[in-house]
Amino acid sequence: MARTLITGGTLVNPTGGIAADVLIDGETIAAIYAPGAATDVTAETVIDAAAKYVVPGGIDPHVHMNLPFGGTFSSDTFETGSVGAAWGGTTTIIDFGLQRPGEIVQDRLAARHDEAAGTCAIDFAFHMILGDVTEEALKAMDELVTHEGVTSFKLFMAYPGVFYSDDAQILRAMQSASNNGATIMMHAENGIAIDVLAQQAVERGDTDPVFHGIVRRSALEGEATNRAIVLADVAGNVPLYVVHLSASEALAHVAQARDVGRNVFAETCPQYLYLTLEDQLGAPGFEGAKWVCSPPLRTKHEHHHADLWNGLRTNDLAVVSTDHCPFCFKEQKELGVGDFRAIPNGMAGVEHRMDLIYQGVVDGKLTLERWVETCSTTPARMFGLYPRKGIIAPGSDADIVVYDPARTHTITHETAHMNVDHSSWEGFTINGGVDVVLSRGSVVIQGGAFHGRPGHGKFLARDTNGYLS
Ligand SMILES: [Zn+2]
């Protein structure tokens, strides 16, 4: 097997940064050497990481490739989306199987495997969305956990009539998880109340994209988050993972639950740390549709951004994902001209997450170690991939990013690789950048070029949540 030596860099794991050389043998990490100790080691390939960081490859545990939504499909395939991810230093994605009313869970998971097979440039795994919690679906949960390596199930308190589960269905799914060890992921917004406010807004003639954000009140995310926390506790302290947390109110409930020892975890996304209801979603005319996602971007006149960065520091927010779900402006976002309710919800981001959170390090909001932890190590442990993924240690997969803190680049649509016709991050400057990316020992990105191939990525069967006591 081919050996690769990464020399001269600063190796950063959650425990800290040290000067070290990393030896890769085949697809896994073979050894870590103190500087100078690897002089006798032979390797076919040597990568010079002097003055650079050597970090575990990013793990984005919340992406939606080719997702049917709002009468269309998210515009990235597993191929284009995984290539975009690789460019940005992400080497594992977790997408979702999708069961809707009347559908059989196992069939929908199999269909998702068919879509992804042979197309991903990096490794991938699946959660399962339950859009119809029936007796059959509850039995399917056991089977997926035991036999399919799918150990987390996403439910929606939003989108009545589409993916929505009522409290009875949520409680039943949580009770099932309490038996089979699964983690429940929750989209926590009160969709019943939101739909009333949305209807009233449209009746008033308030149809522009910004009203999507105005009717999806942060208080309704807080309420749903608290309700999910209470139901998870009633079901037996079932692990609850709140996805794409955007609001101070929701964070306060998560923090309070964690303080009393509940198995409650949460993620946020770069858009909720940087973008606002006024500056992006409120762009003139229909432009704001580019930033329609749920939960929505929050107002800059409250303190959501500051609270979320603080939550990342304190671990009340454990993970940064992207909720990558791109829709083109032309013909997709445009479905909602004249009625914000018909704008497909989602934006592209899988390529930019590592950079955007690294910028938080540059800006003094997070430590280097916390960047690695929130973007790689914790997602691996939370979703049963650790220590195969999420750390640079002997025996782990050689998913490694050489990151250059001396590189400055500006995000533009022209230079990004995801399959979408605009960038939600146009003009954002990053004081750092990806230099080399390896996936299971193979170079995927180097010298500003893609060296990977569709189909290199393997499906990862996952264990259960690694944070339970
Ligand atoms: Zn999502």
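What counts and how
Throughout, residues of each chain are indexed from 1 in the direction in which the sequence is written. Only residues with pLDDT of at least 70 are given local features in this predicted model, and only at 80 or more are side-chain atom pairs given and counted; all residues enter the totals for whole chains, interfaces and linings. We count a stretch as a helix when DSSP gives it H or I for four or more residues in a row; a strand needs E for two or more, and each element gets its number in order from the N terminus. For the radius of gyration, the atoms used are the C-alpha atoms, and the globule rule reads 2.2 Å times the number of residues raised to 0.38. Partly exposed residues are those whose C-beta has more than 12 but fewer than 20 other C-beta atoms within 10 Å; 20 or more makes a residue buried and 12 or fewer makes it exposed, with C-beta atoms placed from the backbone. Any pair of residues counts as being in contact when their C-beta atoms, constructed from backbone geometry, are within 7 Å of one another. Each axis is a line fitted through C-alpha atoms, and for a helix only the stretch in contact is used; angles between axes span 0 to 180 degrees, taken between their N-to-C directions. Working rule for angles: under 35 degrees goes down as roughly parallel, over 145 as roughly antiparallel, 65 to 115 as roughly perpendicular, anything else as oblique. For any helix crossing, the convention is left-handed if the near helix is rotated counterclockwise from the far helix by under a right angle, and right-handed if that rotation is clockwise. Each pair of strands is called paired provided DSSP finds at least two bridges between the two strands. As annotated, the domain borders come from an automatic or database domain assignment. Classification used: nonpolar for Ala, Val, Leu, Ile, Met, Phe, Trp, Tyr, Cys and Pro, charged for Asp, Glu, Lys and Arg, polar for all others including Gly. Multiplying one less than the number of residues by 1.5 Å gives the expected span of a helix. In plain words, the nonpolar core is the set of buried Ala, Val, Leu, Ile, Met, Phe, Trp, Tyr and Cys residues that C-beta atoms within 7 Å link up.

1. Some points on the overall build of the chain
Alright, step 1. Per the secondary structure count, the chain includes 13 helices and 21 strands.
Alright, step 2. For 469 residues, the compact-globule formula gives about 23 Å, and the C-alpha radius of gyration of the chain, at 21 Å, lands near that figure.
Alright, step 3. Along the three orthogonal principal directions, the C-alpha set of the chain runs to about 75 × 50 × 40 Å.
Alright, step 4. Sorting the 469 residues of the chain into buried and exposed places 56% on the buried side.
Alright, step 5. Taking contacts inside the chain between residues at least 6 apart in sequence as the whole, the part at least 24 apart equals 76%.

2. Here's the deal with the packing of helix α12 (residues 353-362) against helix α13 (residues 368-382)
Alright, step 1. In the contact formed by α12 and α13, the axes pass within 9 Å of each other and the chain directions differ by 150 degrees. On the basis of their axis angle, the class for α12 and α13 is roughly antiparallel. Like other packed secondary-structure pairs, α12 and α13 cross with a definite hand, here right-handed. On α13, the residues that touch Arg353, Met354, Ile357, Tyr358 and Val361 of α12 are Leu368, Trp371, Thr374 and Cys375.

3. Considerations on the environment of Pro160
Alright, step 1. Mapped onto the fold, Pro160 is located in the loop between β11 (152-156) and α4 (167-180).
Alright, step 2. Among the residues examined, Pro160 registers 14 C-beta atoms within 10 Å and is labelled partly exposed.
Alright, step 3. For the pair formed by Pro160 and Ile194, sequence separation is 34 residues and the distance between their alpha carbons is 9.7 Å.
Alright, step 4. When near neighbours in sequence (up to four residues on either side) are disregarded, Pro160 contacts Gly191, Ile192 and Asp195.

4. As for the sheet that holds strand β13 (residues 240-242)
Alright, step 1. The parallel open sheet is built from eight strands, whose spatial order is β6-β9-β10-β11-β12-β13-β14-β15. Looking at strand neighbours, the two that pair on one side only are β6 (58-60) and β15 (319-320), the edges of this open sheet.
Alright, step 2. Here β6 runs beside strand β9 (residues 90-99); their pairing, made up of three bridges, is parallel. Bridging across to β9, Gly58 finds its partner in Thr90.
Alright, step 3. Each of β9 and β10 (123-130) is contacted by helix α2 (residues 105-116), which is oriented at about 140 degrees to β9, the strand it contacts most.

5. A closer look at the domain arrangement of the chain
Alright, step 1. Segmenting the chain into domains produces domain 1 (3-56 + 391-450) and domain 2 (58-382).
Alright, step 2. For the side of domain 1 that touches domain 2, the leading source of residues is strand β19 (residues 433-439), giving four residues.
Alright, step 3. Within the side of domain 1 that touches domain 2, the residues separate by chemical class into 18 nonpolar, 11 polar and two charged.

6. Structural notes on helix α8 (residues 248-259)
Alright, step 1. Between its first and last C-alpha atoms α8 spans 16 Å; for 12 residues at 1.5 Å apiece the expected length is 16 Å, and the two agree.
Alright, step 2. Where the residues of α8 are buried, they touch α7 (218-234), β13, β14 (264-268) and α11 (304-314).
Alright, step 3. Backbone geometry just after α8 places Gly261 at a positive phi near 90 degrees.

7. Here's the deal with the packing of α7 against α8
Alright, step 1. Contact geometry of α7 with α8 gives a least axis separation of 7 Å together with a crossing angle of 20 degrees. Relative to α8, α7 is oriented roughly parallel. The two elements α7 and α8 meet at a crossing, and its hand is right-handed. From α7, Ser218, Ala219, Glu221, Gly222, Thr225, Asn226 and Ile229 reach across to α8, where they touch Ser248, Glu249, Ala250, His253, Val254 and Ala257.
Alright, step 2. In terms of residue class, the contact of α7 with α8 is made up of five nonpolar, six polar and two charged.

8. Topic: the pairing of strand β3 (residues 28-33)
Alright, step 1. The sheet contact formed by strand β2 (residues 16-25) and β3 spans five bridges and is antiparallel. The partner of Asp21 across the bridge, within β3, is Tyr33.

9. So, the environment of Val41
Alright, step 1. As for its position among the elements, Val41 is in the loop between β3 and β4 (45-48).
Alright, step 2. Owing to 15 C-beta atoms within 10 Å, Val41 belongs among the partly exposed residues under this scheme.
Alright, step 3. Leaving out residues up to four positions away in the same chain, Val41 has contacts with Leu5 and Leu23.

10. Side note on α12
Alright, step 1. Most of α12 sits out of view: eight of its 10 residues are buried.
Alright, step 2. Regarding α12, the residues found buried are Arg353, Met354, Asp355, Leu356, Ile357, Tyr358, Gln359 and Gly360.
Alright, step 3. Of the residues flanking the end of α12, it is Gly364, one or two places downstream, whose phi is positive at about 80 degrees.

11. Points about unusual backbone geometry
One can expect most non-glycine residues to show negative phi and most peptide bonds to be in trans.
Alright, step 1. Residue Ser294 is joined to Pro295 through a cis peptide bond whose omega torsion reads -5 degrees.
Alright, step 2. With respect to the element layout, Pro295 can be found in the loop between α10 (277-281) and α11.
Alright, step 3. Cis geometry marks the peptide bond from Tyr386 to Pro387, where omega comes out at 5 degrees.
Alright, step 4. Among the structural elements, Pro387 can be located in the loop between α13 and β16 (400-404).
Alright, step 5. Here Asn237, not a glycine, exhibits a phi torsion of approximately 55 degrees, which is positive.
Alright, step 6. Tracing the chain through its elements places Asn237 in the loop between α7 and β13.

12. A word on the nonpolar core
Alright, step 1. Membership of the largest hydrophobic core comes to 139 residues, with the highest contact counts inside it found for Val54, Ile184 and Val242.
Alright, step 2. When residues of this core are sorted by domain, at least three fall in each of domain 1 (3-56 + 391-450) and domain 2 (58-382).
Alright, step 3. When sequence neighbours within four positions are dropped, the list of residues in contact with Val242 reads Met186, Ala188, Thr225, Ala228, Ala250, Val254 and Ala266.

13. Quick look at the pairing of β2
Alright, step 1. Note: strand β1 (residues 3-13) against β2, nine bridges, orientation antiparallel. Bridged to Arg3 within β2 is Asp25.
Alright, step 2. Connecting β2 to the next strand, β3, in antiparallel fashion are two residues, including Gly26 with a positive phi near 70 degrees.

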